[in-house]
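# Observations on the model geometry
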2 protein chains.
Amino acid sequence: MSNHIDFYFDIISPYAYIAHKKILKYKDIVFNYKPIYLGGLHKLAEIDSPAFNKYKLRNNINDCNLVSEKNNIEFKWNSNFPINSLNIMRGYISISKSKQHEYLNCFFDAYWKNNQDLSNVENISKLLRDLNIDTKEYFKSIKDQSIKDKLINLTTEAFQKEVFGTPTFIINNKIFWGQDRLEYAIEEFNN
Amino acid sequence: MSNHIDFYFDIISPYAYIAHKKILKYKDIVFNYKPIYLGGLHKLAEIDSPAFNKYKLRNNINDCNLVSEKNNIEFKWNSNFPINSLNIMRGYISISKSKQHEYLNCFFDAYWKNNQDLSNVENISKLLRDLNIDTKEYFKSIKDQSIKDKLINLTTEAFQKEVFGTPTFIINNKIFWGQDRLEYAIEEFNN
(Lines give C-alpha, C1' and ligand atoms only; values in the text may rest on other atoms or scores of the structure.)
Protein backbone atom coordinates (compact mmCIF):
# COMPACT_ATOMS: atom_id res chain seq x y z
CA MET A 1 0.00 0.00 0.00
CA SER A 2 1.22 3.50 -0.84
CA ASN A 3 2.20 5.83 1.98
CA HIS A 4 1.43 8.87 -0.17
CA ILE A 5 -0.84 10.10 -2.96
CA ASP A 6 0.66 11.26 -6.26
CA PHE A 7 -0.81 14.55 -7.43
CA TYR A 8 -0.29 15.51 -11.08
CA PHE A 9 -0.70 19.22 -11.79
CA ASP A 10 -0.06 22.09 -14.14
CA ILE A 11 -0.41 25.67 -12.89
CA ILE A 12 -2.64 26.49 -15.88
CA SER A 13 -5.37 24.14 -14.60
CA PRO A 14 -7.99 25.87 -12.43
CA TYR A 15 -9.14 22.53 -11.08
CA ALA A 16 -5.53 21.69 -10.12
CA TYR A 17 -5.49 24.97 -8.17
CA ILE A 18 -8.72 23.97 -6.39
CA ALA A 19 -7.32 20.49 -5.71
CA HIS A 20 -4.11 22.02 -4.32
CA LYS A 21 -6.13 24.21 -1.93
CA LYS A 22 -8.17 21.21 -0.81
CA ILE A 23 -4.98 19.16 -0.35
CA LEU A 24 -3.54 21.79 1.99
CA LYS A 25 -6.35 20.97 4.43
CA TYR A 26 -5.26 17.32 4.74
CA LYS A 27 -2.32 17.65 7.11
CA ASP A 28 -1.91 13.91 7.78
CA ILE A 29 -1.48 12.73 4.20
CA VAL A 30 1.68 13.08 2.12
CA PHE A 31 0.94 14.29 -1.39
CA ASN A 32 3.71 13.78 -3.89
CA TYR A 33 3.55 16.75 -6.29
CA LYS A 34 4.12 15.64 -9.89
CA PRO A 35 4.56 18.52 -12.34
CA ILE A 36 3.53 17.98 -15.96
CA TYR A 37 2.91 20.18 -19.00
CA LEU A 38 -0.82 19.94 -19.64
CA GLY A 39 -0.64 21.16 -23.23
CA GLY A 40 1.78 18.34 -24.04
CA LEU A 41 -0.26 15.76 -22.16
CA HIS A 42 -3.44 16.72 -24.04
CA LYS A 43 -1.52 16.40 -27.29
CA LEU A 44 -0.30 12.90 -26.36
CA ALA A 45 -3.84 11.86 -25.43
CA GLU A 46 -5.38 13.58 -28.48
CA ILE A 47 -7.64 15.63 -26.26
CA ASP A 48 -8.91 19.11 -27.07
CA SER A 49 -8.71 21.26 -23.96
CA PRO A 50 -12.11 22.50 -22.71
CA ALA A 51 -10.50 25.96 -22.91
CA PHE A 52 -10.98 25.82 -26.66
CA ASN A 53 -14.70 25.02 -26.67
CA LYS A 54 -16.79 28.04 -25.69
CA TYR A 55 -19.59 26.01 -24.09
CA LYS A 56 -17.22 23.92 -21.99
CA LEU A 57 -15.17 26.99 -21.14
CA ARG A 58 -18.26 28.87 -19.93
CA ASN A 59 -19.22 25.85 -17.86
CA ASN A 60 -15.70 25.60 -16.40
CA ILE A 61 -15.80 29.23 -15.33
CA ASN A 62 -19.18 28.86 -13.61
CA ASP A 63 -18.24 25.53 -12.13
CA CYS A 64 -14.89 26.68 -10.71
CA ASN A 65 -16.60 29.67 -9.13
CA LEU A 66 -19.24 27.40 -7.64
CA VAL A 67 -16.88 24.68 -6.40
CA SER A 68 -14.53 27.26 -4.87
CA GLU A 69 -17.39 28.93 -3.07
CA LYS A 70 -18.68 25.61 -1.73
CA ASN A 71 -15.17 24.76 -0.49
CA ASN A 72 -14.34 28.21 0.90
CA ILE A 73 -11.50 28.71 -1.53
CA GLU A 74 -10.64 32.16 -2.83
CA PHE A 75 -10.79 31.99 -6.61
CA LYS A 76 -11.03 34.32 -9.56
CA TRP A 77 -11.11 33.14 -13.18
CA ASN A 78 -8.02 34.64 -14.84
CA SER A 79 -8.83 37.23 -17.50
CA ASN A 80 -5.71 36.13 -19.40
CA PHE A 81 -6.75 32.49 -19.57
CA PRO A 82 -5.40 30.47 -21.27
CA ILE A 83 -1.69 31.24 -21.40
CA ASN A 84 1.11 28.86 -22.26
CA SER A 85 2.30 27.39 -18.96
CA LEU A 86 5.42 25.78 -20.43
CA ASN A 87 7.97 28.20 -18.95
CA ILE A 88 6.27 28.36 -15.55
CA MET A 89 6.32 24.58 -15.30
CA ARG A 90 9.92 24.44 -16.52
CA GLY A 91 10.63 27.00 -13.82
CA TYR A 92 9.08 24.76 -11.17
CA ILE A 93 11.44 21.89 -11.97
CA SER A 94 14.47 24.17 -12.43
CA ILE A 95 14.49 25.64 -8.92
CA SER A 96 15.72 23.95 -5.76
CA LYS A 97 13.33 21.32 -4.37
CA SER A 98 13.11 23.22 -1.09
CA LYS A 99 11.60 26.19 -2.93
CA GLN A 100 9.11 24.30 -5.09
CA HIS A 101 6.13 24.29 -2.76
CA GLU A 102 6.43 28.00 -2.03
CA TYR A 103 6.83 28.70 -5.78
CA LEU A 104 3.70 26.70 -6.50
CA ASN A 105 1.65 28.44 -3.81
CA CYS A 106 2.82 31.78 -5.09
CA PHE A 107 2.21 31.14 -8.79
CA PHE A 108 -1.12 29.39 -8.23
CA ASP A 109 -2.34 32.33 -6.15
CA ALA A 110 -1.00 34.89 -8.61
CA TYR A 111 -2.87 33.26 -11.48
CA TRP A 112 -6.04 31.83 -9.91
CA LYS A 113 -6.66 34.22 -7.04
CA ASN A 114 -5.05 37.53 -7.95
CA ASN A 115 -5.74 37.57 -11.68
CA GLN A 116 -2.13 38.28 -12.64
CA ASP A 117 -0.98 37.96 -16.23
CA LEU A 118 1.70 35.28 -16.01
CA SER A 119 2.56 35.53 -19.68
CA ASN A 120 4.22 38.81 -18.66
CA VAL A 121 7.93 38.40 -17.80
CA GLU A 122 7.91 41.43 -15.49
CA ASN A 123 5.12 39.91 -13.41
CA ILE A 124 7.01 36.63 -13.17
CA SER A 125 10.22 38.43 -12.19
CA LYS A 126 8.43 40.22 -9.38
CA LEU A 127 7.07 36.96 -7.99
CA LEU A 128 10.54 35.39 -8.19
CA ARG A 129 12.07 38.29 -6.28
CA ASP A 130 9.38 37.91 -3.59
CA LEU A 131 10.43 34.24 -3.36
CA ASN A 132 14.14 35.11 -3.21
CA ILE A 133 14.76 33.20 -6.42
CA ASP A 134 17.55 34.54 -8.62
CA THR A 135 15.73 35.80 -11.73
CA LYS A 136 18.77 35.71 -13.99
CA GLU A 137 19.52 32.11 -13.12
CA TYR A 138 15.82 31.19 -13.41
CA PHE A 139 15.40 32.59 -16.91
CA LYS A 140 18.66 30.93 -17.99
CA SER A 141 17.62 27.56 -16.48
CA ILE A 142 14.25 27.38 -18.22
CA LYS A 143 16.08 27.55 -21.55
CA ASP A 144 18.40 24.63 -20.64
CA GLN A 145 17.80 21.58 -22.78
CA SER A 146 18.07 19.36 -19.68
CA ILE A 147 15.18 21.21 -18.03
CA LYS A 148 13.12 21.09 -21.21
CA ASP A 149 13.79 17.37 -21.50
CA LYS A 150 12.94 16.79 -17.84
CA LEU A 151 9.46 18.30 -18.25
CA ILE A 152 8.91 16.31 -21.44
CA ASN A 153 9.96 13.12 -19.60
CA LEU A 154 7.74 13.83 -16.59
CA THR A 155 4.79 14.45 -18.92
CA THR A 156 5.49 11.32 -20.94
CA GLU A 157 5.85 9.23 -17.77
CA ALA A 158 2.50 10.55 -16.54
CA PHE A 159 0.90 9.66 -19.86
CA GLN A 160 2.38 6.16 -19.67
CA LYS A 161 0.61 5.80 -16.32
CA GLU A 162 -2.64 6.72 -18.14
CA VAL A 163 -2.78 10.27 -16.81
CA PHE A 164 -4.51 12.41 -19.47
CA GLY A 165 -5.52 15.55 -17.57
CA THR A 166 -5.08 17.54 -14.36
CA PRO A 167 -5.63 17.25 -11.52
CA THR A 168 -5.01 13.52 -11.37
CA PHE A 169 -4.36 11.52 -8.22
CA ILE A 170 -2.74 8.10 -8.19
CA ILE A 171 -2.78 5.84 -5.17
CA ASN A 172 -2.23 2.05 -5.13
CA ASN A 173 -2.03 2.21 -8.94
CA LYS A 174 -5.57 3.55 -9.08
CA ILE A 175 -6.19 6.71 -11.06
CA PHE A 176 -8.57 9.44 -9.95
CA TRP A 177 -9.13 12.31 -12.37
CA GLY A 178 -10.60 15.63 -11.31
CA GLN A 179 -10.77 17.64 -8.11
CA ASP A 180 -14.11 15.95 -7.45
CA ARG A 181 -12.26 12.67 -6.98
CA LEU A 182 -9.77 13.80 -4.30
CA GLU A 183 -12.08 12.48 -1.61
CA TYR A 184 -12.23 9.05 -3.27
CA ALA A 185 -8.41 9.03 -3.56
CA ILE A 186 -8.22 9.76 0.16
CA GLU A 187 -10.68 6.95 0.92
CA GLU A 188 -8.42 4.63 -1.09
CA PHE A 189 -5.43 5.90 0.92
CA ASN A 190 -7.22 5.26 4.22
CA ASN A 191 -8.43 1.80 3.22
CA MET B 1 -38.00 30.33 -7.46
CA SER B 2 -38.51 27.07 -9.32
CA ASN B 3 -40.64 24.38 -7.74
CA HIS B 4 -38.81 21.68 -9.68
CA ILE B 5 -35.42 20.81 -11.17
CA ASP B 6 -35.08 20.23 -14.91
CA PHE B 7 -33.09 17.10 -15.70
CA TYR B 8 -31.71 16.72 -19.23
CA PHE B 9 -30.88 13.17 -20.22
CA ASP B 10 -30.18 10.69 -22.99
CA ILE B 11 -30.33 6.96 -22.27
CA ILE B 12 -26.90 6.52 -23.88
CA SER B 13 -25.24 8.54 -21.09
CA PRO B 14 -23.93 6.40 -18.20
CA TYR B 15 -23.73 9.45 -15.97
CA ALA B 16 -27.37 10.26 -16.78
CA TYR B 17 -28.23 6.74 -15.62
CA ILE B 18 -26.32 7.32 -12.38
CA ALA B 19 -28.01 10.71 -11.94
CA HIS B 20 -31.41 9.10 -12.54
CA LYS B 21 -30.75 6.50 -9.86
CA LYS B 22 -29.63 9.22 -7.42
CA ILE B 23 -32.72 11.30 -8.27
CA LEU B 24 -35.01 8.41 -7.37
CA LYS B 25 -33.78 8.74 -3.77
CA TYR B 26 -35.04 12.33 -3.49
CA LYS B 27 -38.73 11.76 -2.94
CA ASP B 28 -39.58 15.37 -1.99
CA ILE B 29 -38.26 17.10 -5.09
CA VAL B 30 -39.98 17.20 -8.48
CA PHE B 31 -37.58 16.51 -11.32
CA ASN B 32 -38.80 17.50 -14.76
CA TYR B 33 -37.36 14.93 -17.17
CA LYS B 34 -36.16 16.58 -20.39
CA PRO B 35 -35.22 14.13 -23.15
CA ILE B 36 -32.59 15.17 -25.67
CA TYR B 37 -30.48 13.45 -28.31
CA LEU B 38 -26.92 13.64 -27.01
CA GLY B 39 -25.28 12.99 -30.38
CA GLY B 40 -27.11 15.99 -31.83
CA LEU B 41 -26.34 18.16 -28.82
CA HIS B 42 -22.63 17.37 -29.04
CA LYS B 43 -22.73 18.27 -32.73
CA LEU B 44 -24.37 21.63 -31.99
CA ALA B 45 -21.78 22.37 -29.29
CA GLU B 46 -18.89 21.08 -31.44
CA ILE B 47 -17.90 18.62 -28.73
CA ASP B 48 -16.29 15.24 -29.34
CA SER B 49 -17.88 12.66 -27.07
CA PRO B 50 -15.48 11.12 -24.53
CA ALA B 51 -16.64 7.80 -26.00
CA PHE B 52 -14.39 8.50 -28.99
CA ASN B 53 -11.18 9.12 -27.05
CA LYS B 54 -9.71 5.92 -25.65
CA TYR B 55 -8.14 7.58 -22.59
CA LYS B 56 -11.32 9.42 -21.63
CA LEU B 57 -13.40 6.33 -22.36
CA ARG B 58 -11.22 4.17 -20.10
CA ASN B 59 -11.52 6.80 -17.39
CA ASN B 60 -15.29 6.97 -17.82
CA ILE B 61 -15.59 3.20 -17.41
CA ASN B 62 -13.48 3.18 -14.22
CA ASP B 63 -15.16 6.29 -12.90
CA CYS B 64 -18.71 5.07 -13.49
CA ASN B 65 -17.88 1.79 -11.76
CA LEU B 66 -16.41 3.71 -8.83
CA VAL B 67 -19.17 6.30 -8.50
CA SER B 68 -21.86 3.61 -8.75
CA GLU B 69 -20.19 1.57 -6.05
CA LYS B 70 -19.85 4.60 -3.76
CA ASN B 71 -23.53 5.39 -4.29
CA ASN B 72 -24.79 1.81 -4.02
CA ILE B 73 -26.07 1.80 -7.57
CA GLU B 74 -26.05 -1.40 -9.62
CA PHE B 75 -24.09 -0.66 -12.78
CA LYS B 76 -22.34 -2.51 -15.55
CA TRP B 77 -20.57 -0.79 -18.45
CA ASN B 78 -22.38 -1.89 -21.60
CA SER B 79 -20.28 -4.07 -23.88
CA ASN B 80 -22.12 -2.58 -26.87
CA PHE B 81 -21.28 1.01 -25.96
CA PRO B 82 -21.72 3.31 -27.77
CA ILE B 83 -24.85 2.70 -29.82
CA ASN B 84 -26.97 5.29 -31.57
CA SER B 85 -29.69 6.29 -29.09
CA LEU B 86 -31.76 8.21 -31.63
CA ASN B 87 -34.60 5.70 -31.96
CA ILE B 88 -34.77 4.96 -28.24
CA MET B 89 -35.08 8.68 -27.47
CA ARG B 90 -37.64 9.13 -30.25
CA GLY B 91 -39.47 6.22 -28.66
CA TYR B 92 -39.49 7.96 -25.29
CA ILE B 93 -41.28 11.01 -26.69
CA SER B 94 -43.60 8.97 -28.91
CA ILE B 95 -45.27 6.97 -26.13
CA SER B 96 -47.95 8.21 -23.74
CA LYS B 97 -46.64 10.49 -20.99
CA SER B 98 -47.96 8.10 -18.36
CA LYS B 99 -45.63 5.39 -19.66
CA GLN B 100 -42.49 7.50 -20.01
CA HIS B 101 -41.03 7.04 -16.56
CA GLU B 102 -41.49 3.28 -16.63
CA TYR B 103 -40.00 3.17 -20.15
CA LEU B 104 -36.99 5.13 -18.94
CA ASN B 105 -36.45 2.92 -15.89
CA CYS B 106 -36.70 -0.15 -18.06
CA PHE B 107 -34.38 1.03 -20.86
CA PHE B 108 -31.83 2.56 -18.49
CA ASP B 109 -31.66 -0.71 -16.54
CA ALA B 110 -31.53 -2.81 -19.70
CA TYR B 111 -28.57 -0.85 -21.02
CA TRP B 112 -26.63 0.20 -17.91
CA LYS B 113 -27.39 -2.61 -15.50
CA ASN B 114 -28.22 -5.68 -17.55
CA ASN B 115 -25.80 -5.19 -20.46
CA GLN B 116 -28.45 -5.61 -23.14
CA ASP B 117 -27.73 -4.69 -26.73
CA LEU B 118 -30.28 -1.97 -27.44
CA SER B 119 -29.23 -1.63 -31.05
CA ASN B 120 -31.05 -4.96 -31.49
CA VAL B 121 -34.71 -4.55 -32.50
CA GLU B 122 -35.70 -7.89 -30.98
CA ASN B 123 -34.34 -6.82 -27.58
CA ILE B 124 -36.25 -3.53 -27.80
CA SER B 125 -39.44 -5.34 -28.79
CA LYS B 126 -39.17 -7.60 -25.78
CA LEU B 127 -38.81 -4.64 -23.41
CA LEU B 128 -41.79 -2.93 -25.05
CA ARG B 129 -43.93 -6.03 -24.60
CA ASP B 130 -42.93 -6.17 -20.92
CA LEU B 131 -44.10 -2.55 -20.68
CA ASN B 132 -47.37 -3.27 -22.49
CA ILE B 133 -46.42 -0.87 -25.25
CA ASP B 134 -47.75 -1.76 -28.71
CA THR B 135 -44.59 -2.61 -30.68
CA LYS B 136 -46.15 -2.03 -34.10
CA GLU B 137 -47.37 1.43 -33.16
CA TYR B 138 -44.03 2.23 -31.48
CA PHE B 139 -41.91 1.36 -34.49
CA LYS B 140 -44.29 3.30 -36.75
CA SER B 141 -44.24 6.36 -34.44
CA ILE B 142 -40.48 6.67 -34.27
CA LYS B 143 -40.46 7.08 -38.05
CA ASP B 144 -43.04 9.92 -37.95
CA GLN B 145 -41.59 13.22 -39.05
CA SER B 146 -43.43 14.94 -36.18
CA ILE B 147 -41.61 12.76 -33.61
CA LYS B 148 -38.28 13.27 -35.33
CA ASP B 149 -38.88 17.03 -35.35
CA LYS B 150 -39.93 17.00 -31.70
CA LEU B 151 -36.65 15.45 -30.58
CA ILE B 152 -34.68 17.88 -32.75
CA ASN B 153 -36.62 20.78 -31.21
CA LEU B 154 -36.12 19.54 -27.64
CA THR B 155 -32.39 19.16 -28.30
CA THR B 156 -32.14 22.60 -29.90
CA GLU B 157 -34.09 24.19 -27.04
CA ALA B 158 -31.70 22.57 -24.55
CA PHE B 159 -28.72 23.88 -26.48
CA GLN B 160 -30.23 27.38 -26.51
CA LYS B 161 -30.34 27.16 -22.71
CA GLU B 162 -26.58 26.39 -22.82
CA VAL B 163 -26.97 22.67 -22.15
CA PHE B 164 -24.09 20.89 -23.92
CA GLY B 165 -24.00 17.46 -22.27
CA THR B 166 -25.88 15.04 -20.03
CA PRO B 167 -26.79 14.86 -17.27
CA THR B 168 -27.55 18.56 -16.88
CA PHE B 169 -29.73 20.05 -14.19
CA ILE B 170 -31.30 23.51 -14.44
CA ILE B 171 -32.83 25.27 -11.45
CA ASN B 172 -33.48 29.04 -11.12
CA ASN B 173 -31.80 29.49 -14.52
CA LYS B 174 -28.58 28.04 -13.11
CA ILE B 175 -26.95 25.19 -14.99
CA PHE B 176 -25.30 22.22 -13.30
CA TRP B 177 -23.51 19.73 -15.55
CA GLY B 178 -22.62 16.22 -14.42
CA GLN B 179 -23.95 13.76 -11.89
CA ASP B 180 -21.41 15.19 -9.43
CA ARG B 181 -23.40 18.44 -9.44
CA LEU B 182 -26.82 17.01 -8.51
CA GLU B 183 -26.17 17.82 -4.87
CA TYR B 184 -25.37 21.46 -5.71
CA ALA B 185 -28.55 21.68 -7.81
CA ILE B 186 -30.51 20.38 -4.83
CA GLU B 187 -28.85 22.93 -2.54
CA GLU B 188 -29.93 25.64 -5.01
CA PHE B 189 -33.47 24.20 -4.94
CA ASN B 190 -33.56 24.25 -1.14
CA ASN B 191 -32.15 27.79 -0.87
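Everything below is about the structure shown above.
Residues numbered from 1 in each chain as written. Chains lettered and ligands numbered in written order. Predicted model: local features only at pLDDT ≥ 70, side-chain atom pairs only at ≥ 80, totals over all residues.

Glancing now at the sheet that holds strand β4 (residues 174-177) of chain B. Remark on secondary structure: sheet strands pair via backbone hydrogen bonds, oriented parallel or antiparallel. All names here are of chain B. Strand order in this open sheet of 4 strands is β2-β1-β3-β4, and the pairing throughout is mixed. Lying at the two open borders of the sheet, with one neighbouring strand each, are β2 (31-35) and β4. Strand-to-strand twist in this sheet, taken as the mean axis angle between neighbours without regard to direction, amounts to 25 degrees. Sheet topology places strand β1 (residues 5-9) next to β2; 5 bridges connect them, and they run parallel. Following the sheet pairing, Phe7 is matched in β2 by Tyr33. (Pairing = 2+ DSSP bridges. Helix = DSSP H or I, 4+ residues; strand = E, 2+ residues; numbered from the N terminus. Axes fitted to C-alpha atoms, helices over the stretch in contact; angles between N-to-C directions.)

With that settled, the discussion passes to the relation of the copies chain B and chain A. Two copies of a chain can be linked by a rotation about an axis combined with a shift along that same axis. Structural alignment of chain B on chain A gives an RMSD of 0.0 Å, achieved by rotating through 180 degrees and translating 0.0 Å along the axis. The symmetry that links the two subunits is that of a two-fold axis. Identified as the residue of chain B closest to the rotation axis by C-alpha distance is Asp180 of chain B, at 3.8 Å. Interface overlap between copies is the fraction of interface residues in one copy that are interface residues in the other; for chain B against chain A it reaches 100%, indicating a shared surface. (Least-squares fit on C-alpha atoms with pLDDT ≥ 70 in both. Contact = placed C-beta atoms within 7 Å.)

Moving on, we come to the packing of helix α4 (residues 86-94) of chain B against helix α8 (residues 145-160) of chain B. Residues and elements named next belong to chain B. In contact at an axis separation of 9 Å, α4 and α8 are set at 100 degrees when each is read in the N-to-C sense. Overall, the two elements α4 and α8 adopt an arrangement that is roughly perpendicular. Residue-level inspection shows Met89, Arg90, Ile93 and Ser94 of α4 in contact with α8, the latter providing Ile147, Lys148, Lys150 and Leu151. The residue makeup of the contact of α4 with α8, split by class, is 4 nonpolar, 1 polar and 3 charged. (Parallel < 35°, antiparallel > 145°, perpendicular 65-115°, else oblique. Nonpolar A, V, L, I, M, F, W, Y, C, P; charged D, E, K, R; others polar.)

A word on helix α8 (residues 145-160) of chain A. Turn by turn, an α-helix covers 3.6 residues, leaving residues three or four places apart pointing in a common direction. All names here are of chain A. The terminal C-alpha atoms of α8 lie 22 Å apart, and with 16 residues this matches the ideal 22 Å at 1.5 Å per residue to within 8%. All of the buried residues in α8 are Leu151, Thr155 and Ala158. Viewed end-on, α8 has its buried residues packed into an arc of 60 degrees, placing them on one side of the element. Summarising the geometry of α8, the exposed residues directed more than 90 degrees from the buried face are Gln145, Ser146, Asp149, Asn153 and Gln160. Buried residues along α8 sit in contact with β1 (5-9), β2 (31-35), α2 (38-44) and α4 (86-94). Two residues or fewer past α8, Glu162 is found with a positive phi of approximately 75 degrees. (Expected span 1.5 Å × (residues − 1). Buried ≥ 20, exposed ≤ 12 C-beta atoms within 10 Å, placed from the backbone. Arc of directions from axis to C-beta.)

We now examine the environment of Leu182 of chain A. Residue and element names in this part refer to chain A. Structurally, the position occupied by Leu182 is in helix α9 (residues 182-190). Spatially, the C-alpha atom of Leu182 lies 9.9 Å from that of Ile170, the residues being 12 residues apart in sequence. Discounting chain neighbours no more than four positions away, the residues touching Leu182 are Ala19, Lys22 and Phe169.

Bringing the interface of chain B and chain A into the picture now. The partner chain A presents 16 residues to the 16 residues of chain B that form the contact. Ranked by residue count, the leading element in the side of chain B that touches chain A is helix α3 (residues 54-70) of chain B, at 6 residues. For the side of chain B that touches chain A, a count of residues per class yields 7 nonpolar, 2 polar and 7 charged.

Residues and elements named next belong to chain B. Most of helix α1 (residues 14-23) sits out of view: 9 of its 10 residues are buried. What α1 keeps buried is the set Pro14, Tyr15, Ala16, Tyr17, Ile18, Ala19, His20, Lys21 and Ile23. Tucked into the core, α1 has its buried residues touching β1, β2, α3, α5 (97-112) and α9 (182-190).

All right, on to the pairing of β4 of chain B then. Residue and element names in this part refer to chain B. Strand direction decides the pairing type here: strand β3 (residues 168-171) and β4, joined by 4 bridges, are antiparallel. Bridged to Ile171 within β4 is Lys174. Counted along the chain from β3 to the antiparallel partner β4, the turn is 2 residues long, and its residue Asn172 has a positive phi close to 50 degrees.

In short, geometric facts, not functional conclusions.
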